[in-house]
Amino acid sequence: MRRSDREIKSFEEILDILNRCNTIRVGFSREDLAYVVPLSFGYEVKDGKILIYYHCSQIGEKNQILEKNKKVCVEADIFHGIMETANGITTLYESIIGFGKCEEVEIVEERKHGLSVILKYYKKDDYPLDRCKGIEQAKVFRIILDSITGKRNRMEDKQY
């Protein structure tokens, strides 16, 4: 990372940023194309790794790409604004980028768990899953992050 003074090394601080994001962007890759999609999500930490869950329709571009390449990049950010400094203008932000593999969750009980993780993330953990039509056919995916980094530029970290 070029700006090591902005690097976030603490796993807890990275989770804090993820907790405050309402959308992630997942980058999928095939030979000739990068494909980035904003997604609603939920996550949990198991054995020191972040597991991100999302759901989607049965068909679509990302599903086709995943059939051939399971490697993904995950990005999440919080934009705090732009401010003038003695050197010009700077952007105030917090962000994370992670790399891992995406897999479809195929066992029905695990799919329900993934959907519950998503609902809990959005403070809807009391919503009954049986009210969701087609839950048995829902496509749920889990991204297991192998690595994750964070970066930020916040006003409270600097003297401007």
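Above this text sits the structure in question.
So, here's what we can say about the structure. (Residues numbered from 1 in each chain as written. Predicted model: local features only at pLDDT ≥ 70, side-chain atom pairs only at ≥ 80, totals over all residues. Heavy atoms only, no water.)

1. Overview of the packing of aromatic side chains
Counted according to the given criterion, the structure contains five aromatic pairs. Taking the centre distance of 4.5 Å and the plane angle of 40 degrees together, the rings of Phe41 and Tyr121 count as tilted. With Phe41 in the loop between β3 (33–39) and β4 (42–46) and Tyr121 in helix α3 (residues 108–121), this residue pair connects regions lying 80 residues apart in the sequence. Each member of the pair, Phe41 together with Tyr121, is buried. Residues Phe41 and Tyr122 carry aromatic rings whose centres are separated by 6.5 Å and whose planes lie at 80 degrees to one another, so their mutual orientation is edge-to-face. Here Tyr122 lies in the loop between α3 and β8 (139–153) and Phe41 lies in the loop between β3 and β4, a separation of 81 residues in the sequence. Given a relative accessible area of 0%, Phe41 falls into the buried group. For Tyr122, a relative accessible area of 29% gives the class partly exposed. (Phe/Tyr/Trp six-rings, centres within 6.5 Å; stacked < 30°, edge-to-face > 60°. Helix = DSSP H or I, 4+ residues; strand = E, 2+ residues; numbered from the N terminus. Buried < 20%, exposed > 50% of the residue type's maximum accessible area, 1.4 Å probe, protein only.)

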